[in-house]
Amino acid sequence: MQTFEIGDQVKLPRPYQGVVGTVIYYDGPTERFLVRIGVEQQLYFSAEQLTLA
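Residues numbered from 1 in each chain as written. Predicted model: local features only at pLDDT ≥ 70, side-chain atom pairs only at ≥ 80, totals over all residues. Heavy atoms only, no water.

Per an unreviewed UniProt entry, the chain carries the name DUF2187 domain-containing protein and comes from Levilactobacillus namurensis.

Put into structure tokens, the structure is as follows:
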């Protein structure tokens, strides 16, 4: 399983294909990464959904 660090640039899965975001937080209990897209949008993804940019 791929692990990411805060500040890593990651490529998002569908329907956001082609979009790059920045990992800003890891939620241990849910094992999800919070990724910031642009200035206002933030979404949670599992490690399996993300790849390093």
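Most of the time, phi is negative for any residue but glycine, and the peptide bond is trans. The peptide bond linking R14 to P15 adopts the cis configuration, its omega dihedral lying at 0°. Following the sequence through the fold, P15 ends up in the loop between strand 1 (9–11) and strand 2 (20–27). Phi is positive for E31, which is not a glycine, with a value near 55°. The residue E31 is located in the loop between strand 2 and strand 3 (32–37) in this model. (Helix = DSSP H or I, 4+ residues; strand = E, 2+ residues; numbered from the N terminus.)

Attention shifts here to the side chain of D27. Residue position: D27 is located in strand 2. Here T30 takes part through its side chain, which lies 2.6 Å from a polar atom of the side chain of D27. Look past the residues within four positions of D27 in its chain and what remains in contact with it is R32 and Y44. (Polar contact = N/O pair within 3.5 Å; in protein donor to acceptor, adjacent residues only side chain to side chain. Contact = heavy atoms within 4.5 Å.)

Moving on, we come to the nonpolar core. Among soluble globular proteins, nonpolar side chains are generally buried collectively. Residues F4, V10, L12, V23, F33, V35, I37, F45, A47 and L50 constitute the largest nonpolar core, which totals 10 residues. Among the elements that line this core, the one with the most residues is strand 3, at 3 residues. What V35 contacts, discounting residues up to four positions off in sequence, is V10, L12, G21, T22, V23, Q41, Q42, L43, F45 and L50. (Core = buried A, V, L, I, M, F, W, Y, C linked by side-chain atoms within 4.5 Å. Buried < 20%, exposed > 50% of the residue type's maximum accessible area, 1.4 Å probe, protein only.)

So, about the pairing of strand 4 (residues 41–46). Bridging between strand 3 and strand 4 involves 6 bridges; their strand directions are antiparallel. What sits directly across from L34, in strand 4, is Y44. Between strand 3 and strand 4, which follow one another and run antiparallel, lie 3 residues, and G38 among them has a positive phi close to 70°. (Pairing = 2+ DSSP bridges.)

If you walk across this open sheet you meet the 5 strands as 4-3-2-1-5, and the pairing is antiparallel. Edge positions in the open sheet fall to strand 4 and strand 5 (51–52), since each of these has one partner strand only.

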